[in-house]
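Coordinate analysis (summary)
Each chain, letter by letter, is given below.
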Amino acid sequence: MTITALTIAGSDPSGGAGIQADLKTMSALGAYGMSVITALTAQSTRGVAGVEAVTVDFARLQLDTLLDDIVPDATKIGMLATAGLASAVGEYLPALGSTVLDPVMVSTSGDRLLDADAIGAVRRLCAKADLITPNLHEAAILLDEEPAQDIEGLASQARRFVERGARRVLVKGGHLDEEATDVYADGERLELLRGRRVDTASTHGTGCTLSSAIAALRPRRSSWLEAVTDAKAYLTGALEHADSLGIGHGHGPVHHFHRLWPEPRTR
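Let us look at the structure shown here. Note that the structure is a prediction, hence the values are computed from the model and not measured. (Residues numbered from 1 in each chain as written. Predicted model: local features only at pLDDT ≥ 70, side-chain atom pairs only at ≥ 80, totals over all residues. Heavy atoms only, no water.)

1. Looking at the side chain of Lys76
By the secondary structure assignment, Lys76 is in strand E4 (residues 74–77). Among the polar contacts made by the side chain of Lys76, one reaches the side chain of Ser211 at a distance of 2.8 Å. In contact with Lys76, not counting residues within four places along its chain, are Leu6, Thr7, Ile8, Asp22, Met26, Val100, Asp102, Cys208, Ser211, Ser212 and Ala215. (Helix = DSSP H or I, 4+ residues; strand = E, 2+ residues; numbered from the N terminus. Polar contact = N/O pair within 3.5 Å; in protein donor to acceptor, adjacent residues only side chain to side chain. Contact = heavy atoms within 4.5 Å.)

See below:
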């Protein structure tokens, strides 16, 4: 049976993040990717020059038209841009299976991607999604706290998300330690997920890639934790091969098809 996965997110013309990264990731992991676009961005590996949010009515029309024909096996939700979009998308979550919310607020280059008024709406979405995947700084904003300073603090924040109603959370540690440690928590367990730190500046779209990988893998894994663990391993590989792409002059993209494309020839 073909696994179908939907991404609800913004567009990235450079192809390294957003809708484009999600569809590449889903395809690389064997899922049929579909998309509902919430915003157009003018961006490259160097940064974001502008954002144009889709109207709430047109976002609803995209979702209604798609879901009348195809109900996805899993859904990743990324950039929502405005409070209206966040609230509207939240209404559809009960009808969607295996939902992963990546609360995109700031790009890799440091540009803000979320309207300040939308933060409250995204906080409410955190209790509706099956899994949320905030990074270190997004977790702090959503919890209205200072960013964690160590893994123990990161674990405490993961617990607080669950205490405040999140079903499951993966708090991404980023550069907090030398083992690229993320923290997974649900109502029954808390796990430290350690990985190999990859020395590369090609990190554009890492959050988009990880969350869409989890969504693509969940229908074929026995648990959320297994899907998260395998998605993290996929992202590590994509980072390890990222520099071989040689794309752009800023933060380059990860290599979504590192398992499928031949190694580049060396001169």
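Having seen the structure, we can now continue with the description.
2. Brief notes about the nonpolar core
In terms of nonpolar packing, the biggest core is built from 40 residues, with Ile8, Ile132 and Phe161 touching the most fellow members. Those residues in contact with Phe161 that lie beyond four places of it in its chain are Ile132, Pro134, Ala139, Leu142, Leu143, Ala166, Val169 and Val171. Among the nonpolar cores identified, the runner-up in size contains 30 residues, and Leu131, Ile214, Tyr234 and Val254 belong to it. (Core = buried A, V, L, I, M, F, W, Y, C linked by side-chain atoms within 4.5 Å. Buried < 20%, exposed > 50% of the residue type's maximum accessible area, 1.4 Å probe, protein only.)

3. Quick notes on the state of the cysteines
Considering all chains together, one arrives at zero disulfides under this definition. There is no disulfide at Cys126, and the cysteine sulfur nearest it, in Cys208, is 16 Å away. (Disulfide = S-S within 2.5 Å.)

4. Description of helix H6 (residues 151–163)
The end-to-end C-alpha separation of H6 is 18 Å, in line with the 18 Å expected for 13 residues at 1.5 Å each. On its buried face, H6 sits against strand E6 (131–132), helix H5 (136–143), strand E7 (168–172), strand E8 (182–186) and strand E9 (190–193). (Expected span 1.5 Å × (residues − 1).)

5. Some remarks on unusual backbone geometry
In this structure, Asp144 is a non-glycine residue whose phi angle is positive, near 60 degrees. On the basis of relative accessible area, Asp144 is assigned to the exposed category, the value being 65%.

6. Brief notes about the environment of Arg194
Position of Arg194 relative to the elements: it lies in the loop between E9 and helix H7 (206–217). Once the C-alpha coordinates of Arg194 and His241 are considered, the two residues, 47 residues apart in sequence, prove to be 19 Å apart. At 3.4 Å, the side chain of Arg194 forms a polar contact with the side chain of Glu179. A polar contact is formed between the side chain of Arg194 and the side chain of Thr181, at a distance of 3.2 Å.

7. Section: the pattern of salt bridges
Summed over the entire model, instances satisfying the criterion amount to twelve salt bridges. The residue Asp22 makes a salt bridge to Lys76 at a minimum N-O spacing of 3.0 Å. With a gap of 54 residues between them, Asp22 in helix H1 (residues 18–28) and Lys76 in strand E4 connect regions that are remote in the sequence. In this pair, the class of Asp22 matches that of Lys76, namely buried. Here the salt bridges do not stand alone but share partners, grouping Glu145, Arg160 and Arg164 into one network. (Salt bridge = Lys/Arg side-chain N within 4 Å of Asp/Glu carboxyl O.)

8. Some thoughts on the packing of aromatic side chains
One pass over the full model with this rule turns up one aromatic pair. Plain terms: the ring middles of Phe257 and Trp261 are 5.6 Å apart, the flat faces sit at 20 degrees to each other, and that makes the pair stacked. (Phe/Tyr/Trp six-rings, centres within 6.5 Å; stacked < 30°, edge-to-face > 60°.)

9. Section: the packing of helix H3 (residues 83–92) against helix H4 (residues 118–125)
The interhelical angle for the contact between H3 and H4, taken along N-to-C directions, is 15 degrees, at an axis separation of 8 Å. It follows that H3 is roughly parallel to H4 by the angle criterion. For H3 against H4, the interelement crossing comes out left-handed. For the pair H3 and H4, contact is made by Ala83, Ala86, Ser87 and Gly90 and by Ala118, Ala121, Val122, Arg124 and Leu125, respectively. Its residues placed into classes, the contact of H3 with H4 shows six nonpolar, two polar and one charged. (Axes fitted to C-alpha atoms, helices over the stretch in contact; angles between N-to-C directions. Parallel < 35°, antiparallel > 145°, perpendicular 65-115°, else oblique. Left-handed = near helix turned anticlockwise from the far one by under 90°. Nonpolar A, V, L, I, M, F, W, Y, C, P; charged D, E, K, R; others polar.)

10. Comments concerning the pairing of strand E2 (residues 31–44)
Sheet topology places strand E1 (residues 3–11) next to E2; nine bridges connect them, and they run parallel. Looking at E2, one finds that Thr7 is bridged to Ser35. For the crossover from E1 across H1 to E2, the handedness is right-handed. Pairing of E2 with strand E3 (residues 47–53) involves six bridges; the strand directions are antiparallel. Bridged to Ala39 within E3 is Ala53. From the end of E2 to the start of E3, which pair antiparallel, there are two residues. (Pairing = 2+ DSSP bridges. Right-handed = clockwise from strand over helix to strand, strands pointing away.)

11. Quick look at H3
Listing the buried residues of H3 in full gives Leu85, Ala86, Ala88, Val89, Gly90 and Tyr92. Turning to H3, the residues buried within the fold contact E1, E2, E3, helix H2 (56–67), E4 and H4.

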